[in-house]
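# Structural features, examined
Letter by letter, the chains look like this.
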Amino acid sequence: MKEKTFRSPYTKVIHAGQHPDPLFGGVSVPIFQSSTFAFQSAEQGAARFAGQDDGYIYTRIGNPTTKALEDCVAALEGGCGGLATASGMAAITTVCLSYLNQGDHIIGTAAVYGPTRTVLEKEFSRFGIEADFVDTSGLSNITACLKRSTKMLFIETPANPTLILTDIRACSRLCKEKGLLLVVDNTFSSPVVQRPLELGADIVIHSLTKFLNGHSDVVGGMIIPKEKSDFDRLRKILTLMGGTMDPHQAWLVLRGVKTLALRMDKCQKNALEVASFLSTHPKVIWVNYPGLESHPQYALAKEQMDGFGSMICFGPKGGLESGRRVINSVKLCTRAVSLGGVETLIEHPASMTHAGVPKPEREKAGITDDLVRISVGCEGEEDLIADLDQALAQIP
Ligand code: LCS
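None of the values given here were measured: they were computed from a predicted structure.

Reading the values: rules and limits
- Residues numbered from 1 in each chain as written.
- Predicted model: local features only at pLDDT ≥ 70, side-chain atom pairs only at ≥ 80, totals over all residues.
- Heavy atoms only, no water.
- Core = buried A, V, L, I, M, F, W, Y, C linked by side-chain atoms within 4.5 Å.
- Buried < 20%, exposed > 50% of the residue type's maximum accessible area, 1.4 Å probe, protein only.
- Helix = DSSP H or I, 4+ residues; strand = E, 2+ residues; numbered from the N terminus.
- Domains from an automatic or database assignment.
- Contact = heavy atoms within 4.5 Å.
- Salt bridge = Lys/Arg side-chain N within 4 Å of Asp/Glu carboxyl O.
- Near = heavy atom within 4 Å.
- Polar contact = N/O pair within 3.5 Å; in protein donor to acceptor, adjacent residues only side chain to side chain.
- Areas by Shrake-Rupley, 256 points an atom, 1.4 Å probe, with all protein chains shown as cover.
- Nonpolar A, V, L, I, M, F, W, Y, C, P; charged D, E, K, R; others polar.
- Pairing = 2+ DSSP bridges.
- Axes fitted to C-alpha atoms, helices over the stretch in contact; angles between N-to-C directions.
- Expected span 1.5 Å × (residues − 1).
- Left-handed = near helix turned anticlockwise from the far one by under 90°.

## Thoughts on the nonpolar core
- By size, the foremost hydrophobic cluster in this structure holds 80 residues, and its most contacted members are Leu69, Leu182, Leu260, Leu278, Ile312, Phe314 and Ile346.
- Here this core gets nine residues from one element, more than from any other, and that element is helix H10 (residues 260–279).
- Residue contributions to this core reach at least three from each of two domains, namely domain 1 (7–257) and domain 2 (261–392).
- Beyond its immediate stretch of four places on either side in the chain, isoleucine 346 contacts Val326, Ile327, Val330, Cys333, Thr334, Arg335, Ala336, Val372, Arg373, Ile374 and Leu388.
- Core analysis: the second largest hydrophobic core is formed by 30 residues, Val95, Phe124, Ile205 and Leu238 among them.

Okay, structure coming up:
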């Protein structure tokens with residue numbers, strides 16, 4: 001395949017999986033807005049169902065527009081294929097439904113996206129699946145809660161919203177030794193910044209809603225396994241359970257992904273400027289950004305990431321009240337959850353994205369009440385800094 005020879009992410013985002021339309025030569029992949037695909041004969045239909053002809057059957061099972069996006073993201077992550085899902089949460093639940101059985105145990109990063117934790121702790125538990133969420137930045141925390149029934153290690157690095165890192169290579173070694181599946185939520189980095197499959201992970205998942213789409217206008221997800229056997233298992237469960245992506249949604253993400261590498265350049269440059277500004281501001285007590293030398297895992301960030309992403313969290317002087325004041329005082333940054341769009345977003349995890357996680361567990365995971373999260377976008381850095389400066393000036 002021609003895309004296998006592309007080396008640069010700048011090329012992959014534009015060309016991998018994407019070919020001019022064979023009918024008219026349209027350069028942009030067409031939206032195949034069709035729920036079903038005609039067979040030339042009864043025999044051809046039967047051959048497609050039997051897996052002897054790889055033509056399309058029905059959009060829940062596969063669609064050419066969605067396939068273009070799947071091939072593009074798989075090329076970026078270095079996986080054997082991609083499976084587009086209706087949302088990032090659908091990607092997570094599909095992976096869990098594909099591998100976890102009654103009586104199984106899963107270990108996850110304590111500071112994951114709130115609903116990831118909630119769905120495992122409160123909903124999968126109804127089916128007899130047990131979950132433990134620990135600080136996966138320390139390998140001994142993982143080994144301490146290993147059980148005979150442990151099947152999967154689910155890590156998020158950098159973690160949402162604490163920006164704590166987990167050593168993917170070390171986790172991969174542990175998982176191989178213990179026979180566990182290593183799943184990495186790579187949403188906070190995007191494949192331009194971090195490629196977990198190259199570091200030994202088995203499966204990568206994304207919320208495409210974030211950096212990959214990049215324009216805060218689509219919800220979507222993707223599962224990218226390393227091995228064909230995992231791809232087949234996941235594809236079977238996804239198409240049976242029905243959490244697949246719609247072709248129009250896929251086309252929009254494909255449109256957004258073309259500028260992923262360019263956007264990452266700008267938002268990461270902005271994030272370093274904003275984090276440096278915050279770290280010397282008298283009204284700021286602490287800042288967590290993997291690109292600051294003060295980040296406790298700066299060395300690991302340099303080793304396992306190609307950049308530092310554009311997510312920052314910080315604690316203002318005066319705690320929760322000051323955080324609220326900053327969020328209420330911004331004029332350019334938008335008060336909103338989500339992340340990875342071209343516009344800078346600011347939110348308060350303890351009362352918003354992670355409010356569903358009980359306070360004691362939240363605090364244990366480092367999601368303190370004073371934590372303010374920023375997703376740095378692609379605006380001019382001088383405007384972002386001026387906005388945050390005037391907002392911080394509102395703190396008494
Ligand atoms: N994984 C991570 C790391 C996320 O941050 C999110 C959403 C998801 C998975 C779920 O993806 P979705 O189903 O929304 O496409 N994170 C959000 C956040 O931090 N604020 O709003 C959504």
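Now that the structure has been shown, the text picks up again.
## Topic: the pattern of salt bridges
- Applying the stated criterion across every chain, the model contains 17 salt bridges.
- A salt bridge links arginine 169 to glutamate 303, with the nearest nitrogen and oxygen atoms 3.4 Å apart. On the criterion of sequence distance, the pair formed by arginine 169 in helix H7 (residues 168–178) and glutamate 303 in helix H11 (residues 298–304) is long-range, its members being 134 residues apart.
- In this structure glutamate 303 comes out as exposed when scored by relative accessible area, which is 53%.
- Ionic pairing is found between aspartate 369 and arginine 362, a salt bridge with its closest N-O pair at 3.7 Å.
- When its relative accessible area of 19% is taken as the criterion, aspartate 369 is described as buried.

## Regarding the site of the ligand
- Around the ligand, the surrounding shell holds 18 residues, and the nearest of these are Asp185, Ser207, Thr209, Lys210 and Arg373.
- For the ligand, an oxygen atom lies 2.8 Å from a polar atom in the side chain of serine 207.
- Measuring from a nitrogen atom of the ligand, one finds a side-chain N or O atom of lysine 210 at 3.1 Å.
- Across the complex, the protein chains shield 93% of the 480 Å² of accessible surface that the ligand would expose by itself.
- Top element by residues in the shell around the ligand is helix H4 (residues 88–99). It accounts for three residues.
- A breakdown of the residues in the shell around the ligand according to their chemical character gives five nonpolar, nine polar and four charged.
- Looking at which domains feed residues into the shell around the ligand, each of domain 1 (7–257) and domain 2 (261–392) gives three or more.

## A short note on the sheet that holds strand E6 (residues 203–207)
- Pairing in this open sheet of seven strands is mixed, and the strands run E1-E7-E6-E5-E4-E2-E3 from one edge to the other. Taken across any chain shown, the strands that pair with only one partner, and hence form the sheet edges, are strand E1 (83–85) and strand E3 (130–134). Strand-to-strand, the axes of this sheet are offset by a mean angle of 20°, without reference to chain direction.
- Pairing of strand E5 (residues 181–185) with E6 involves three bridges; the strand directions are parallel. Residue valine 184 lies in a different strand from E6, and its bridge partner there is valine 204.
- Strands E1, strand E2 (105–109), strand E4 (150–156), E5, E6 and strand E7 (221–225) of the sheet are contacted by H4, whose axis makes an angle of about 150° with E6.

## Here's the deal with H10
- A rise of 1.5 Å per residue sets the reference length of H10, with its 20 residues, at 28 Å; its end C-alpha atoms lie 27 Å apart and thus fit the reference within 8%.
- Within H10, the full set of buried residues consists of Leu260, Ala261, Arg263, Met264, Cys267, Gln268, Asn270, Ala271, Val274, Ala275, Phe277 and Leu278.

## Topic: the sheet that holds strand E11 (residues 345–347)
- The five strands are arranged E8-E9-E12-E11-E10 in an open sheet whose pairing can be described as mixed. Of all strands in the sheet, those with a lone pairing partner are strand E8 (284–288) and strand E10 (334–335), marking the two edges.
- In this sheet, strand E9 (residues 311–316) lies alongside E8 in antiparallel orientation, the contact comprising four bridges. Bridge pairing in E9 places tryptophan 286 opposite glycine 315.
- Most of the contacts of helix H12 (residues 319–329) go to E9, to which it runs at about 125°, and overall it touches E9, E10, E11 and strand E12 (372–375).

## Let's talk about the environment of methionine 89
- When you line up the elements, methionine 89 lands in helix H4.
- Here methionine 89 falls in the partly exposed class, since its relative accessible area comes to 24%.
- Measuring from C-alpha to C-alpha, the distance between methionine 89 and isoleucine 205 comes to 9.5 Å, with 116 residues separating the pair along the chain.
- What methionine 89 contacts, discounting residues up to four positions off in sequence, is Tyr113, Pro115, Thr116 and Val119.

## Observations regarding the packing of H4 against helix H5 (residues 114–123)
- Interhelical geometry of H4 versus H5 gives an angle of 35° and a closest axis separation of 11 Å. The handedness of the crossing between H4 and H5 comes out as right-handed. Here Met89, Ile92, Thr93 and Cys96 of H4 lie close against H5, whose contacting residues are Pro115, Thr116, Val119 and Leu120.
- Per-class residue counts for the contact of H4 with H5 are six nonpolar, two polar and no charged.

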